[in-house]
Amino acid sequence: MSNRLPFSKNANIFVFQVTNLWLLFSMLTLPVLVVTESREVAIAQTRNERKKEALRLNQVGVDRLRKGRFQEALETLEQALLICKEIGERQGEGATLNNIGEVYKGLGEYPKALNSHTQALAIFKQIDDKPRQGASFNNIGFAYSSLGQFSEALSNYSQALTVFQQISYKPGEGATLSNIGITYRKLGQYSKALDSYNKALAIAKQIPDKAGEGATLDNIGVIYRIVGQYPKALQFHTQALAVVRQISDKAGEAATLSNIGLVYNDWEQYPKALESHTQALAVVQQIGDKAGEGIALNNIGLAYNGLEQYPKALEFYTQALAIRKKAGDKAGEGNTLTNMGYIFLKIGKYAEAREKLRAAIEIYESLRPGLKDIDKVSLIDTERGTYIFLQQALIAENKTNPALEISERGRARAFAELLAEKQKTQIQLKPTINQLKQIAEEQNAILVEYSIINEEFKIEGKKQWRESQLYIWVVKPTGEVFLRQVDLRRQFPKIVLEDLIASTRQSIGVGGRSLSIETIPVDEPSQQEKLQQLYQILIEPIAKDKLLPQDQESKIIFIPQGSLFLVPFAALRDAKGKFLIEKYTVASAPSIQTLSLTAQQRQRISKASPGSALVLGNPTMPKVSPSIGEPAQQLLPLAGAEAEAKAIAQILETKAITGNKAKKSAILPLLPKARIIHLATHGLLDDFIGLGVPGAIALAPSGNGEPNDGLLTANEILDLKLNAELIVLSACDTGRGRITGDGVIGLSRSLITAGTPSVIVSLWSVPDAPTAELMTEFYRNWLSGKLDKAQALREAMLKTRENHPSPKDWAGFTLIGEAK
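Worth saying up front: this structure is predicted, and the values here are computed from it rather than measured.

Enquirer: Mind laying out the overall build of the chain, listing which residues take part and the relevant values?
Expert: Secondary structure assignment for the chain yields 34 helices and 20 strands. Taking as baseline every contact in the chain between residues at least 6 positions apart, the subset at least 24 positions apart corresponds to 69%. Carbon and sulfur atoms make up 50% of the accessible area of the chain, which totals about 31,600 Å².

Enquirer: Before we move on, could you go through the side chain of aspartate 129 and cite the residues and values that matter?
Expert: Within the secondary structure, aspartate 129 is located in the loop between helix 5 (110–126) and helix 6 (130–146). Only 2.6 Å separates the side chain of aspartate 129 from the side chain of arginine 132, close enough to count as a polar contact. In contact with aspartate 129, other than residues within four places in its own chain, are Gln91 and Phe124.

Enquirer: Which residues make up the side chain of histidine 237, and what are the values?
Expert: With respect to the secondary-structure elements, histidine 237 resides in helix 11 (residues 230–246). For histidine 237, a relative accessible area of 0% gives the class buried. Once residues lying within four places of it in the same chain are set aside, the contact partners of histidine 237 are Asp218, Gly221, Val222, Thr256, Asn259, Ile260 and Val263.

Enquirer: Residue-level account of the environment of arginine 50, with values.
Expert: Examined against the element boundaries, arginine 50 turns out to sit in helix 2 (residues 47–66). Between the C-alpha atoms of arginine 50 and alanine 80, which are 30 residues apart in sequence, the distance is 9.5 Å.

Enquirer: Outline the sheet that holds strand 14 (residues 696–698), supporting the account with residue identities and numerical values.
Expert: What links the strands of a sheet is backbone hydrogen bonding, and the strands pair in either a parallel or an antiparallel sense. As summarised here, the arrangement of the 3 strands in space is 13-14-15, forming an open sheet in which the pairing is antiparallel. Edge strands, defined here as strands with exactly one partner in the open sheet, are strand 13 (683–684) and strand 15 (711–713). Relative to strand 15, strand 14 runs antiparallel, the two being bridged by 3 bridges. By the bridge assignment, isoleucine 697 is partnered in strand 15 with leucine 712.

Enquirer: Which residues make up empty space enclosed by the protein, and what are the values?
Expert: Across all of its chains, the model carries 7 cavities of 30 Å³ or more by this definition. Lining the largest cavity are 31 residues; nearest its centre among them are Ser588, Leu763, Thr814, Leu815 and Ile816. Of all the secondary-structure elements, those providing two or more residues to the lining of the largest cavity are strand 7 (585–588), strand 18 (743–746), helix 31 (747–753), helix 33 (789–803) and strand 20 (813–817). Class assignment for the residues of the lining of the largest cavity results in 24 nonpolar, 5 polar and 2 charged.

Enquirer: Quick rundown of the pattern of salt bridges? Include the residues and the values.
Expert: Summed over the entire model, instances satisfying the criterion amount to 35 salt bridges. With a shortest N-O distance of 1.8 Å, glutamate 89 and arginine 47 are connected by a salt bridge. Of the two residues, glutamate 89 is situated in the loop between helix 3 (70–87) and helix 4 (90–106) and arginine 47 in helix 2; the sequence distance between them amounts to 42 residues. Overall, the relative accessible area of 5% leaves glutamate 89 in the buried class. In this structure, arginine 50 and glutamate 86 form a salt bridge, with 3.1 Å as the shortest nitrogen-oxygen distance. Taken together, the positions of arginine 50 in helix 2 and glutamate 86 in helix 3 put the pair 36 residues apart, joining distant regions of the chain. Judged by its relative accessible area of 25%, glutamate 86 is partly exposed. Three or more residues joined by partner-sharing salt bridges are found here, namely Glu362, Glu365, Arg409 and Lys430.

Enquirer: Could you give me a rundown of the packing of helix 3 against helix 4, with the residues and numbers involved?
Expert: In a packed pair of helices, the relevant descriptors are the angle between the two axes and the axis-to-axis distance. At a closest axis distance of 9 Å, the pairing of helix 3 and helix 4 adopts a crossing angle of 160°. Taken as axis vectors, helix 3 and helix 4 run roughly antiparallel relative to one another. Between helix 3 and helix 4 the crossing geometry is left-handed. Counted together, Phe70, Ala73, Leu74, Leu77, Glu78, Ala80, Leu81, Cys84 and Lys85 of helix 3 and Gly92, Glu93, Thr96, Leu97, Asn99, Ile100, Val103, Tyr104 and Gly106 of helix 4 form the full contact between these two elements. The class makeup of the residues in the contact of helix 3 with helix 4 is 11 nonpolar, 4 polar and 3 charged.

Enquirer: Give a description of helix 23 (residues 497–508) that names residues and reports values.
Expert: With 12 residues, helix 23 extends 17 Å from end C-alpha to end C-alpha; this agrees with the ideal 16 Å at 1.5 Å per step. Within helix 23, burial applies to Leu497, Leu500, Ile501, Thr504, Arg505, Ser507 and Ile508. Buried residues along helix 23 cover an arc of 160° about the axis, so they all sit on one side. Glycine 509, located one to two residues past helix 23, shows a positive phi value of around 100°.

Enquirer: I'd like a description of the nonpolar core, backed by residues and values.
Expert: The biggest cluster of nonpolar side chains holds 176 residues, and the ones touching the most others in it are Val448, Tyr450, Leu470, Leu538, Ile539, Leu572 and Phe778. When neighbours within four sequence positions are excluded, valine 448 is seen to be in contact with Ile472, Trp473, Val474, Ile542, Leu548, Ile556, Ile557, Phe558 and Ile559. Residues Leu614, Leu699, Leu720 and Val759 belong to the second largest nonpolar core, which totals 32 residues.

Enquirer: With reference to specific residues and values, describe the pairing of strand 12 (residues 674–680).
Expert: Counting buried positions over the 7 residues of strand 12 gives 7, a clear majority of the element. By the bridge criterion, 6 bridges tie strand 8 (residues 612–619) to strand 12 in an arrangement that is parallel. Bridging across to strand 12, valine 615 finds its partner in histidine 678.

Enquirer: So what's going on with unusual backbone geometry? Which residues, and what values?
Expert: In this structure, the amide linkage connecting isoleucine 207 to the following residue, proline 208, adopts the cis form with an omega of -5°. Relative to the helices and strands, proline 208 resides in the loop between helix 9 (190–206) and helix 10 (210–226). The phi torsion at asparagine 398 lies on the positive side, around 65°, for a residue other than glycine. Residue placement: asparagine 398 occurs in the loop between helix 18 (373–396) and helix 19 (400–409). On the basis of relative accessible area, asparagine 398 is assigned to the exposed category, the value being 63%. The residue lysine 546 is not glycine, and still its phi comes out positive at about 60°. Considering the arrangement of structural elements, one finds lysine 546 in the loop between helix 25 (540–543) and strand 6 (555–559). Taking relative accessible area as the criterion, lysine 546 reaches 62% and is therefore assigned exposed.

Calculation notes
- Residues numbered from 1 in each chain as written.
- Predicted model: local features only at pLDDT ≥ 70, side-chain atom pairs only at ≥ 80, totals over all residues.
- Heavy atoms only, no water.
- Helix = DSSP H or I, 4+ residues; strand = E, 2+ residues; numbered from the N terminus.
- Contact = heavy atoms within 4.5 Å.
- Areas by Shrake-Rupley, 256 points an atom, 1.4 Å probe, with all protein chains shown as cover.
- Polar contact = N/O pair within 3.5 Å; in protein donor to acceptor, adjacent residues only side chain to side chain.
- Buried < 20%, exposed > 50% of the residue type's maximum accessible area, 1.4 Å probe, protein only.
- Pairing = 2+ DSSP bridges.
- 1 Å grid on protein atoms, 1.4 Å probe; cavity = no way out; pocket = protein on both sides within 12 Å on 5 of 7 lines; lining within 4 Å.
- Points joined across faces, edges and corners; volume = space filled by probe spheres on them.
- Nonpolar A, V, L, I, M, F, W, Y, C, P; charged D, E, K, R; others polar.
- Salt bridge = Lys/Arg side-chain N within 4 Å of Asp/Glu carboxyl O.
- Axes fitted to C-alpha atoms, helices over the stretch in contact; angles between N-to-C directions.
- Parallel < 35°, antiparallel > 145°, perpendicular 65-115°, else oblique.
- Left-handed = near helix turned anticlockwise from the far one by under 90°.
- Expected span 1.5 Å × (residues − 1).
- Arc of directions from axis to C-beta.
- Core = buried A, V, L, I, M, F, W, Y, C linked by side-chain atoms within 4.5 Å.

And the structure:
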């Protein structure tokens, strides 16, 4: 798979309209001194004449810039800049610096562009020129985006948008919205990108602005291509091509031709893709657009890769890499390196693949500092193929320990960095095998890490990406490391792992959303077969070689990936029908390295003064919108959860908070003070306020009339500072969320980040009565002091199973983080 960035045009046309207004300042006259041919010559010209000359040069430079004659444009604009400095025209100086920055963008020299635009911004702030401040903020944002510094890009775009909206300058507003969309697209946040593009398109049509319209139509087409809607993508790109050709926009024409080529490439119509990319290359070479040339060459390589002409593909990738390096296009450089590494992997040149893929990863990881957590998550999602390819190359060379290091380095990175930041501690960004062994020793547990390998192959004549292999690493507390490989295509040719997990959950009688308690019929014969199939794939390869503990009290900590986060490991059954929980004590974690950080949290809390227990059950239920803008629905009350809370409160020697007393405003101040937190209520999966962090806990509404009043969202939890050694979310679906390359983004991640080392969450909508029994048993076991949390949960599951034999009733909970 080629981890590529599409070629999208950025609508910065308005910059020329703004910066060419700089001559609207007062006319003064004074003599100037110019150095010419190594001698000083007094020029008896009026200031007005000099300004006219600077304006003429500026206009010539901009004209050359538009035609792609970048070097000529640069020389001309530098002459204009010199005059502006000599006569002290600050506004003209700033405007010319902005245009020089545009030239450097065209040349792909983004650090120089950033420097010019930053100088221009300082001038426009000094003279309080709002329109040009907006232009400069926008241009600085684009330079940062091109350098892969997306957090800085979004910050500057936001400031530009604010300025343009304040002064009601629609061209600037539309162009900035388009650039915000491009940045969100680079971060993999496609719905946000499409929203920004649609707003920009409406403005472009309203003004009208043909250049902006063409660019935005093209960018919308990119989004539809990324999500696989190829006819719709071609529809938008074709409209864009007609617009840019109508106004003779050569840069726009090249961009649109490249994007049409990418659609055909994804659609497996490689000859058409090659034709479009070759046309794009001719245009960018004609106008001297070096950054565009790098993109076009990379895309021609993609087409040859699709045609399986690998030497040709490598030839074009090599040319693209040289240009992207020179231009400082870091994201593009990583992209081309990944594409080269993938070809080397495919043709069996593993050392070359390893070299290219490692270089790509180094670049990708250099782009993350300074990004917000959710932006890191989105970026990691677009890069995870590179980590998978490198694991394959290393294992093909029998370098199993380095492959585990890369597996670990490619998962839950944003989570680990966020945890470390919250704890004000340092984290090793490149964990070594010795550090991973040390964590297993400290945990006194066997760590089982899964890595799903997806490969491209044909199903019914069409190329698709499906699971082909499963890598299973076992790290023992004694320091031994083992790898077992499962060839999914050969051993289980009819099984798609993700589909098997989904159908297994259905057979148990669970799965789906949690605005109401669903009733899904249990299919016991199918259930046993599927749980045994999952055992055969996930457990048997390591169990048969006796790599798992021999006693029931020893712990296994599973480190899942992708759809494996939804597997009820406790309920997996061996060939004799025995459940995994009958044989082993289990827990889970998003990565091995996060276990080191949760251990530090546990140590911090153990030194803190004792706190009380907070037990909440069945609050007065709020009304919830299924998604943003939809009508609210009343959540059903949970009478069983209230009874559960009262029983557990008695065990914990506190009083349960129920009904209207469980208002969010009343609960929030209590959370940081509690040592144990037990919440028996509804859990929800959605991102209710559009911040990218899904999940919420239902509390009693305050009656303020606000949408989703009473919900404690995962995003809000991130801002809390908790001191609880354990939080139990005895609610529906609290262990689920948005599955990403960084793990599950949802409630459990937020609670651990907020300071809790151990969280017990549910994998599905759990039924009231057996849950109350299981939870009561768990607390009795744990508070006895004889068992740790994982062992106490195991015993509670086994006890509950005696009265409620269905896995739906006892296997839905999982411990994440510290077992101690």
